[in-house]
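Notes for the structure review
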Amino acid sequence: MITAERKPLSEIKEMIAPYKKILVAGCGSCVAECASGGEKEVGLLASALRMDAKMEGREAEIKEVTLDRQCVYEFIDQLTGLIGQYDAVLSLGCGAGVQAVAGIFPEAIILPALNTTFIGQTKEAGLWIENCRACGDCKLGYFAAVCPITRCAKGLFNGPCGGSKEGKCEVDPDAPCAWQLIVERLDKAGRLDLLQKVYPPADWSKQQGKGPRKIRREDQIV
Amino acid sequence: MRTDSRLKRVLEKGYFAVTAECGPPKGADPKVIKTKGKILKGFVDSVNVTDNQTGVVRLSSLAACVLLKKEGLDPVLQMTTRDRNRIALQSDVLGASALGIRNLLCLSGDHQSFGNQPQAKGVFDVDSIQLIQLVRQMRDNGVILGGDALSAPPRIFIGAVANPFADPFSYRVIRLGKKAAAGAEFIQTQCVYNLPRFMEWMNKVRDAGLHEKVYILGGITPLKSARMAEYMSKQVAGMDVPEEIINRMKSVPAKEQRQEGIRIAVETIKALQAIEGVRGIHVMAIEWEEAVPQLIEASGLFPRPEL
Amino acid sequence: MDQRSAGLNIVIFFCRQLDANQDVNRRALEKELGSRIKFFPLPCSGRIESLHLLRALETGADRVYLITCPEGSCRYREGNLRAGKRLAFAQGLIEEIGLERERLELIRATQDVQMTIDERAQEILMREAVVGPSPIKKSVAGPAV
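Residues numbered from 1 in each chain as written. Chains lettered and ligands numbered in written order. Predicted model: local features only at pLDDT ≥ 70, side-chain atom pairs only at ≥ 80, totals over all residues. Heavy atoms only, no water.

Details of the nonpolar core
Using the following cut-off: What makes a nonpolar core is a set of buried Ala, Val, Leu, Ile, Met, Phe, Trp, Tyr and Cys residues whose side-chain atoms join them at distances within 4.5 Å. Each residue gets one of three labels from its accessible area relative to the maximum for its type: buried under 20%, exposed over 50%, partly exposed in between, using a 1.4 Å probe on protein chains only. Labels follow the DSSP assignment, with helices taken as runs of H or I lasting at least four residues and strands as runs of E lasting at least two, numbered in each case from the N terminus. What makes two residues a contact is simply this: any of their non-hydrogen atoms within 4.5 Å.
Within the largest apolar cluster, 72 residues are counted, with the highest numbers of intra-cluster contacts made by V44, F198, W201, I281 and V283 of chain B. With six residues, helix 5 (residues 128-141) of chain B is the single largest residue contributor to this core. Sequence-distant contacts of V44 of chain B, that is, excluding residues within four places in its chain, are made with V18, A20, L73, V292 and R304 of chain B. Counting 45 residues, the second-largest nonpolar core is a separate cluster that includes M55 and L114 of chain A together with A56 and L104 of chain C.

What to know about the arrangement of the chains
The pair of protein chains exhibiting the most contacts, out of two pairs of chains in contact, is chains A and B. For chain B and chain C, which are not in contact, the least C-alpha distance works out to 27 Å.

As for the pairing of strand 7 (residues 215-220) of chain B
All names here are of chain B. Stated formally: For two strands to pair, DSSP has to find at least two bridges joining them. Crossover handedness is defined here as right-handed if the route from the first strand over the helix to the second strand goes clockwise, with the strands pointing away from the viewer.
Counting buried positions along strand 7 gives five out of six residues, so the element sits mostly inside the fold. Sheet topology places strand 6 (residues 186-191) next to strand 7; four bridges connect them, and they run parallel. Paired with I187 across the two strands is I216, which belongs to strand 7. Following the backbone out of strand 6, through helix 7 (residues 195-207) and into the adjacent parallel strand 7, one traces a crossover that is right-handed. Where strand 7 meets strand 8 (residues 278-283), five bridges bridge the pair, whose relative direction is parallel. Considered in strand 8, the bridge of L217 is made with G280.

As for the side chain of S47 of chain A
Residue placement: S47 of chain A occurs in helix 3 (residues 39-55). Ignoring anything within four residues of it in the chain, the contact list for S47 of chain A reads L54, R55 and E58 of chain C.

Points about the interface of chain A and chain B
How big an interface is tends to be stated in terms of the accessible area lost upon association of its parts. Cut-off, in case you're wondering: Accessible area, probed at 1.4 Å, shrinks when two parts are joined; the buried area is that loss added up over both. The salt bridge criterion pairs a side-chain nitrogen of Lys or Arg with a carboxyl oxygen of Asp or Glu, the two atoms within 4 Å. Three classes are used: nonpolar for Ala, Val, Leu, Ile, Met, Phe, Trp, Tyr, Cys and Pro, charged for Asp, Glu, Lys and Arg, and polar for all others, with Gly counted as polar.
On the chain B side, the residues contacting the 28 residues of chain A number 28 residues. Approximately 2300 Å² of surface area, both sides summed, lies buried where chain A meets chain B, with 55% of it carried by carbon and sulfur atoms. When the buried surface of chain A facing chain B is broken down by residue, K154, V198 and P201 of chain A rank first, second and third, together holding 24% of it. On inspection of chain A and its partner chain B, the count reaches zero salt bridges. The residue makeup of the side of chain A that touches chain B, split by class, is 15 nonpolar, eight polar and five charged.

So, the domain arrangement of chain A
Put simply, the rule reads: Where each domain starts and ends follows an automatic or database-derived domain assignment.
Entries for chain A in the domain assignment read domain 1 (2-118) and domain 2 (133-206). The C-alpha-based centres of domain 1 of chain A and domain 2 of chain A are spaced at 38 Å.

Concerning the packing of helix 3 (residues 50-58) of chain C against helix 4 (residues 79-96) of chain C
All names here are of chain C. The condition that has to hold: Axis definition: a line fitted to C-alpha atoms, limited for helices to the stretch in contact. Angles are taken between N-to-C directions and run from 0 to 180 degrees. Each angle is binned into one of four classes, with values under 35 degrees roughly parallel, values over 145 roughly antiparallel, values of 65 to 115 roughly perpendicular, and all other values oblique. Two helices that cross are described as forming a left-handed crossing if the nearer one is turned anticlockwise from the farther one by less than a right angle, and a right-handed crossing if clockwise.
It is the contact of helix 3 with helix 4, at a shortest axis distance of 8 Å, that shows an interaxial angle of 45 degrees. Classified by the angle between their axes, helix 3 and helix 4 sit oblique to one another. Here the hand of the crossing between helix 3 and helix 4 comes out right-handed. The residues of helix 4 that touch helix 3, namely those facing S50, L53, L54 and L57, are R86, L87, F89, A90, L93 and I94.

Here it is in structure tokens:
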């Protein structure tokens, strides 16, 4: 999923300062899974903002709504009619959601309450770890399903580097050395041969694109 | 491929080679480099200049190499893949060759988070092995990545690094083989304090026949103090400093520790000379270049051969 | 001055397992103090959500207590530990808007002391009022002069 974390309240307050009627909009998808933007988190943030307004003697109307997803036009449509009643929308969607909503309601003020961080997995309750950098050219088949771009701090395709110690990365001693993992797994699977040849330089244009990347599927058009 | 690399000629002729490292300053004064060059001249065959080591901004390796060349030394340009993409790297290889620099050491480099610019974007467009391969293509096939022909190929003696003390131990020699196959011609290792472990690594290297494919130069860093020994042991990744060495440094009063460090280094050099497949040493006397002449003389490696 | 005399609004979330007769035992205090005391029994203190704690403050509580079973005694194993983490999270959040962390407090019951819920509540009411009435209760029309 896409993970995100709530911005500090001081930053959020600064963004919403000019506005009195605020719609706090959550997303029931990725950000709910990582406990930063789902219905509960919408409730927490709205409650905190209402209390804050009261303490400062400010007038504020803070309403809550949570969409199943904030990145799909069909779900965003549900805000039609509602959005016009507010001065601003404080979105707890990821960056994709915030912009998708802003794209459908271009006259509205949509503000991000979260810092979108990475694509990752829920490793265990309360722990999310990055594991994909959306390079557009998945090579996991050659690296025992351990992404060298994401999980090696130096993105080596012919690793490890000289800093790998006892299976840990020199850059983050809590992180496993991805190359240690790759070598061990391929060794166990009897496929160390996959590492014999020099893996050539990546085609980064697939990740970088020429500006924002897109996918077009004719067969999916309604 | 013919080059004017002194290092290459020394190794080809079978002499035990001596290279050293010159750390560039955190400033624009060329005198620092010239001074270090003068200290090392005559005691070494070639001089490496590090490339923004540890991610700390310093006078560039390429510029320092040119300054050293003017002093009559044979420089080894170091290029990490952390700061430059393939366009810049290939361009710098052409530029270095045009300036008469004939040795290139290819490394991935220390991660940018360690240095004084932790907010910098780490490029890592290619890794060290891909770099070795592409430099070899430029030199031997006269093409850059993607196949476009060069009007004039660079003349470069290609080097790489090896760390016999990092994990996973079993895979290290396989990776060395990969570097050799990619085009590495000489190897400079991480500094050696743990001789038994180094010899174990060399056994594996010889078993794989790699000592005949690449010239291996063992790394030497003379210890300045017991504190340095401890620091390197605990704080520097990929470093193996045995307890005996640390204790030996501790057993000597502070003002005699430098000499003890030199003594240990000389013993290590002599031991390396006796190992089959070790074709030289690479002295990394960081910010202690003045120790190099003493070290080389005490090891019986002075004067350097006349070619 | 103790919290009872200070007239503070007290909210108590607590684990049902602490007092089998809690619904009877709390009636007297509820009658005496009316809206100034609210009891919320939980099947396990670990069922508390940070949101409940925030809403309690938002609706006018001056102090919110969460009473858990003794360490190691949670019927559902780590519910009482989870409760502590959620309370700590809520404390962090209210601190960001300038409300004192102390308004939310965790009380861990101990093995050796058995108290009914009203006994616990009385003990709480006798405590020194370390924070005053909540600033949330100021009128929206403007700060007090």
